Amino acid sequence: MGGSPGKARLTVRPMRLGDLDEVMLIERRSFSAPWEESTFRGLMRRPSAALLVAEIDDELTGYSVMWFVADEGELGNVAVLPERRGEGIGRTLLRESIAVAASRGTRSLYLEVRESNEVARGLYEKVGFNVVGVRKQYYTEPVEDATVMKLEVQAVVR
Ligand SMILES: CC(C)(COP(=O)(O)OP(=O)(O)OC[C@H]1O[C@@H](n2cnc3c(N)ncnc32)[C@H](O)[C@@H]1OP(=O)(O)O)[C@@H](O)C(=O)NCCC(=O)NCCS
């Protein structure tokens, strides 16, 4: 607990409206077809959604977005500040997201990822997602198929 004085600490907490400027900077730097800010705002109003941010000290370094329907969930977005990638932030965000999904009674968590996004696919596999299908030409800018992945939440949450 706590870490040594002066050591950067990674924490994950619910997203707040005051985070949206920083979230949008990361969103625009991470995706060729970024979400609008209104999409985040709309989801933040929905009790059936969960939006999390990762912080190192006071710096917002990443976020995840999920929504839930009955016992299924969708991981709709995850991104890490480009300068802070490869430090384990994405993995921590996903683990925390999965724990939140479990606490909401989610049994199966789904996501879509660009077929060419090997970094994200590698991370998803490491936390327990498996490929279950393909959605043809799901993405624009550029047009690309989506790989559909699924995680059995109870299998990875103790
Ligand atoms: C995908 C993303 C969220 C990963 O976040 P991250 O903080 O860099 O990930 P982590 O540091 O936790 O890395 C976890 C795993 O990801 C993979 N990974 C991370 N950086 C990688 C790199 N440069 N090359 C290859 N694999 C990499 C590895 O499997 C890594 O596991 P390891 O540490 O055991 O090698 C981040 O790269 C990102 O924001 N990408 C742009 C947005 C995006 O594509 N989001 C997903 C949309 S579906």
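Only a predicted model underlies this, so the values are computations on that prediction, with no experimental measurement involved.

Thresholds, definitions, all that
Residues numbered from 1 in each chain as written. Predicted model: local features only at pLDDT ≥ 70, side-chain atom pairs only at ≥ 80, totals over all residues. Helix = DSSP H or I, 4+ residues; strand = E, 2+ residues; numbered from the N terminus. Buried ≥ 20, exposed ≤ 12 C-beta atoms within 10 Å, placed from the backbone. Pairing = 2+ DSSP bridges. Axes fitted to C-alpha atoms, helices over the stretch in contact; angles between N-to-C directions. Contact = placed C-beta atoms within 7 Å. Core = buried A, V, L, I, M, F, W, Y, C linked by C-beta atoms within 7 Å. Near = placed C-beta within 6 Å. Nonpolar A, V, L, I, M, F, W, Y, C, P; charged D, E, K, R; others polar.

Visitor: Give a description of the environment of Arg95 that names residues and reports values.
Guide: Mapped onto the secondary structure, Arg95 falls in helix 3 (residues 89-103). Overall, Arg95 belongs to the partly exposed group, with 16 C-beta atoms counted inside 10 Å. Placed 62 residues apart in sequence, Arg95 and Val157 show a C-alpha to C-alpha distance of 8.9 Å.

Visitor: Got a sec to walk through the pairing of strand 7 (residues 144-152)? Specific residues and values, please.
Guide: Where strand 5 (residues 108-114) meets strand 7, 7 bridges bridge the pair, whose relative direction is antiparallel. What sits directly across from Glu112, in strand 7, is Val148. Here 6 bridges tie strand 6 (residues 130-139) to strand 7, and the two strands are oriented antiparallel to one another. Paired with Tyr139 across the bridge in strand 7 is Glu144. If you look at the hairpin formed by strand 6 and strand 7, you'll find 4 residues sitting between the two strands, and Glu141 has a positive phi there, around 55 degrees.

Visitor: Now, about the sheet that holds strand 4 (residues 72-80): what can you tell me, with residues and values included?
Guide: Hydrogen bonds along the backbone pair up the strands of a sheet, which may run parallel or antiparallel. The 7 strands lie next to each other as 1-2-3-4-5-7-6, forming an open sheet whose pairing is mixed. Every other strand in the sheet has two partners, leaving strand 1 (10-14) and strand 6 as the edge strands with one partner each. On average, each strand axis in the sheet is inclined to that of its neighbour by 25 degrees, with strand direction left out of account. As judged from the 8 bridges shared by strand 3 (residues 59-69) and strand 4, these two strands associate in the antiparallel manner. The residue of strand 4 that forms the bridge with Gly62 is Val80. In the packing of helix 2 (residues 37-44) onto the sheet, contacts are made with strand 2 (49-56) and strand 3, and the angle to strand 2 comes to roughly 115 degrees.

Visitor: Provide a residue-level description of the nonpolar core, including the pertinent values.
Guide: Membership of the largest hydrophobic core comes to 30 residues, with the highest contact counts inside it found for Leu51, Leu52 and Tyr63. Of all elements in the fold, only helix 1 (20-30), strand 2, strand 3, strand 4, helix 3, strand 5 and strand 7 reach the threshold of two or more residues within this core. With sequence-adjacent residues up to four places away left out, Tyr63 is seen in contact with Met15, Val23, Ile26, Leu51, Leu52, Val53, Ala54 and Ala79.

Visitor: Before we move on, could you go through the environment of Ile56 and cite the residues and values that matter?
Guide: Take Ile56: it is sitting in strand 2. Along the backbone, Ile56 and Arg84 are 28 residues apart, and their C-alpha atoms lie at a distance of 9.9 Å.

Visitor: If you had to explain the environment of Glu141 to someone new, which residues and values would you point to?
Guide: Considering the arrangement of structural elements, one finds Glu141 in the loop between strand 6 and strand 7. Taking the C-alpha atoms as reference points, Glu141 and Val156, 15 residues apart in sequence, are found 34 Å from one another.

Visitor: Quick rundown of the site of the ligand? Include the residues and the values.
Guide: Around the ligand sit 18 residues in total, of which Arg85, Gly90, Arg91, Gly122 and Leu123 are the nearest. Those elements that provide at least two residues to the shell around the ligand are strand 4, helix 3 and helix 4 (118-126). In terms of residues, the shell around the ligand owes the most to one element, helix 4, which gives 5 residues. Partitioning the shell around the ligand into residue classes produces 8 nonpolar, 6 polar and 4 charged.

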